[in-house]
Amino acid sequence: MTYPTVRIQPGRDKRFRAGSPWLYSNELVMDAAAKALEPGSIVRPMSENGKVMGVAHFNPHTLIAARMLTRNKDATIDAAFFRHRFERALKLRERFYDRRCYRLVHAEGDGLPGLVVDRYNNVLVAQFNTAGMQSQAGLICEVLEGLIAPAAILARNDAPIRELEGLPLEQAIMSGTAGAVTRIKENGLPFEVPLADGQKTGWYFDQRENRAFIRRMAHGADVLDLYSYSGGFGLNALDGGAASALLVDRSEQALTMARASAALQGSGERLETSQNDVFHEAAALIEAKRRFDIVIADPPPFVRSKKDLATGLKGYRKLARMSATLVREPGFLAVGCCSHNVSMTAFAEEIRSGVKAAGRGGRQIFASGASPDHPIHPGLPETAYLKFIVLALD
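Here goes a summary of the coordinates provided. (Residues numbered from 1 in each chain as written. Predicted model: local features only at pLDDT ≥ 70, side-chain atom pairs only at ≥ 80, totals over all residues. Heavy atoms only, no water.)

## Section: the overall build of the protein
For step 1, the next point in the chain: When its secondary structure is counted, the protein shows 12 helices and 19 strands.
For step 2, the next point in the chain: Expected size for 394 residues packed as a compact globule is a radius of gyration near 21 Å; at 22 Å, the protein falls within 12% of this value.
For step 3, the next point in the chain: Along the three orthogonal principal directions, the C-alpha set of the protein runs to about 65 × 45 × 35 Å.
For step 4, the next point in the chain: Within the protein, the proportion of its 394 residues that are buried is 54%.
For step 5, the next point in the chain: Once local pairs closer than 6 in sequence are excluded, the contacts in the protein between residues at least 24 apart make up 62%.
For step 6, the next point in the chain: For the protein, the accessible area works out to roughly 16,800 Å², and carbon and sulfur atoms hold 51% of it. (Helix = DSSP H or I, 4+ residues; strand = E, 2+ residues; numbered from the N terminus. Rg over C-alpha atoms; globule rule 2.2 N^0.38 Å. Buried < 20%, exposed > 50% of the residue type's maximum accessible area, 1.4 Å probe, protein only. Contact = heavy atoms within 4.5 Å. Areas by Shrake-Rupley, 256 points an atom, 1.4 Å probe, with all protein chains shown as cover.)

See the structure below:
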């Protein structure tokens, strides 16, 4: 297959040669020929000495203009290419999970930039987040059908990144039929998961191992789960023998799912939910002098871009201060961060500062990232987005 070439500017290939799978528009020669290419075109980046560097998806209208699919300059991006990548991804997940509930494709981490596929038993939920992957959505679904034979493939194309790619926000059934809610098992527990209306693709598989850690330490504890979504942390804690769990989230739909899951698990009598803004709820709990043995705070990203960094770091510090105030003496505080623009070092420093501002001392006993079904691309720090820290507080 012959693909058009796009040239890398002289001296602008340092990041790329170091392993980054991205080429920015200011690193490429954006001449008339390049600008005329359709968003989502397949191209071959070429160095200044005329060497072809591989094959990429290209969008002339975005900052990240080229996303590498392979460093093999002779590769053809066809059904066989996608099948090989999917088979590799599937074998990796099957080593870790005996149930078919996991992230099957994690974009650049699986060599498929812009594509996310979560597996809920016999239903696949995909996000085609770039023009390149959107242009090949039909082929991708055909290959997945041949490999896995799902009952349905749902496209949740509602991530804001699509707007940057010039794509509409939408949902679509790509094949088969799927209900609005499905059921999975995580760490042996059944959960109700919303497919059509939930956040992201419906569930956050990336916190699976971190939820298991909280579960192991929860026996006899009163637990507060802030930004609970559908109750992954709080319900795992209840199954681990927690005396009670209070879930706080702004989404009543998410809390409804949590209560349904608690009923399945037989822990509904120990569950309390509150639909509220987390900072407002935390302030009310502090005022009421209510305290908990374990407080978990797993917020959405406070830093969505680099310009938000200073404000977002203050948000993590404030969250840590208020959460630490709600922890009994002694007790445990767990805080998550899914902002890829925040380093683990910066995140840990803000949590430390927040705990200190609450007048508490403590020791870090656990630090982790995402589950292994969210592999990290070694040349792309952004894929190491998740940080999770647990402190034992005095």
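## Focus: the nonpolar core
For step 1, the next point in the chain: Judged by nonpolar contacts, the single largest core of 34 residues is most densely connected at Tyr120, Ile184, Ile214 and Val223.
For step 2, the next point in the chain: Among the elements that line this core, the one with the most residues is helix α8 (residues 232-239), at 4 residues.
For step 3, the next point in the chain: Formed by 31 residues, the second largest nonpolar core is a distinct cluster that contains Val278, Leu285, Leu319 and Leu326. (Core = buried A, V, L, I, M, F, W, Y, C linked by side-chain atoms within 4.5 Å.)

## A closer look at the pairing of strand β6 (residues 101-106)
For step 1, the next point in the chain: Buried residues dominate β6, accounting for 6 of its 6 residues.
For step 2, the next point in the chain: Relative to strand β7 (residues 115-120), β6 runs antiparallel, the two sharing 5 bridges. Note on β7: the bridge partner recorded for valine 105 is valine 117. (Pairing = 2+ DSSP bridges.)

## Points about the sheet that holds strand β17 (residues 327-337)
For step 1, the next point in the chain: In spatial order, the strands read β15-β14-β13-β16-β17-β19-β18; together these 7 strands make up an open sheet with mixed pairing. The open sheet terminates on both sides in strands that have one partner only, identified here as β15 (271-275) and β18 (362-368). Taking the axes of each pair of neighbouring strands and ignoring which way they run, one obtains an average angle of 15° across the sheet.
For step 2, the next point in the chain: Bridge analysis of strand β14 (residues 244-249) against β15 gives 5 bridges, and the strand direction is parallel. (Axes fitted to C-alpha atoms, helices over the stretch in contact; angles between N-to-C directions.)

## Focus on the environment of arginine 15
For step 1, the next point in the chain: Here arginine 15 shows up in helix α1 (residues 14-17).
For step 2, the next point in the chain: Judged by its relative accessible area of 32%, arginine 15 falls in the partly exposed class.
For step 3, the next point in the chain: On a C-alpha basis, the gap between arginine 15 and glycine 146 in space is 37 Å, while along the polypeptide they are 131 residues apart.
For step 4, the next point in the chain: Apart from the residues within four sequence positions on either side, arginine 15 is in contact with Ser20, Trp22, Leu23, Tyr24 and Glu27.
For step 5, the next point in the chain: A distance of 3.2 Å separates a polar side-chain atom of arginine 15 from the backbone oxygen of tryptophan 22. (Polar contact = N/O pair within 3.5 Å; in protein donor to acceptor, adjacent residues only side chain to side chain.)

## Describing the pattern of salt bridges
For step 1, the next point in the chain: The tally for this structure, following the rule as stated, stands at 23 salt bridges.
For step 2, the next point in the chain: Among the ionic pairs, arginine 7 bridges to aspartate 31, the shortest N-O distance being 3.2 Å. One end of the pair, arginine 7, is in strand β1 (residues 5-7); the other, aspartate 31, is in the loop between β2 (22-24) and α2 (32-35), with 24 residues separating them in the sequence.
For step 3, the next point in the chain: Note on arginine 7: relative accessible area 42%, which makes it partly exposed.
For step 4, the next point in the chain: Residue class for aspartate 31 comes out partly exposed when judged on its relative accessible area of 30%.
For step 5, the next point in the chain: Ionic pairing is found between glutamate 349 and arginine 352, a salt bridge with its closest N-O pair at 2.7 Å. Highlighted residues: glutamate 349 and arginine 352, both in helix α12 (residues 344-357), separated by 3 residues, approximately one helical turn.
For step 6, the next point in the chain: Taking the relative accessible area as the measure of exposure, glutamate 349 reaches 36% and is therefore partly exposed. (Salt bridge = Lys/Arg side-chain N within 4 Å of Asp/Glu carboxyl O.)

## A few points about helix α5 (residues 137-148)
For step 1, the next point in the chain: Helix length check: α5 (12 residues) gives 16 Å between terminal C-alpha atoms against 16 Å at 1.5 Å per residue, within 8%.
For step 2, the next point in the chain: Of the residues one or two after α5, alanine 149 is the one with positive phi, at around 55°. (Expected span 1.5 Å × (residues − 1).)

## A closer look at the side chain of serine 47
For step 1, the next point in the chain: Structurally, serine 47 is set in the loop between β3 (41-46) and β4 (55-58).
For step 2, the next point in the chain: Classification of serine 47 by relative accessible area gives buried; the value is 4%.

## Observations regarding the pairing of strand β13 (residues 222-226)
For step 1, the next point in the chain: Judged by how many residues are buried, β13 sits mostly within the fold: 5 of 5 residues are covered.
For step 2, the next point in the chain: Residue alternation in β13 divides its side chains into two sets, Asp222, Leu224 and Leu226 and Val223 and Asp225, and both sets are buried.

## A word on the sheet that holds strand β8 (residues 123-128)
For step 1, the next point in the chain: Sheet architecture is open: 5 strands sit in the order β6-β7-β8-β9-β10, paired in mixed fashion. Across the chains shown, the open sheet's two edge strands, defined by having one partner strand only, are β6 and β10 (170-176). Put simply, the sheet's adjacent strands are angled 20° from each other on average, direction ignored.
For step 2, the next point in the chain: In this structure, β7 lies alongside β8, joined through 6 bridges in antiparallel fashion. For leucine 115, the partnering residue across the bridge sits in β8 and is phenylalanine 128.
For step 3, the next point in the chain: In the packing of α5 onto the sheet, the strands contacted are β6, β7, β8, β9 (152-157) and β10, and the crossing angle to β8 comes to about 155°.

## Some remarks on the environment of glutamate 170
For step 1, the next point in the chain: As for its placement among the helices and strands, glutamate 170 is situated in strand β10.
For step 2, the next point in the chain: Remark: the alpha-carbon pair of glutamate 170 and arginine 99, spanning 71 residues in sequence, is separated by 29 Å.
For step 3, the next point in the chain: Setting aside its immediate chain neighbours within four residues, glutamate 170 contacts Ala155, Arg156, Asn157, Asp158 and Arg162.

Any functional reading would require information that these geometric values do not contain.
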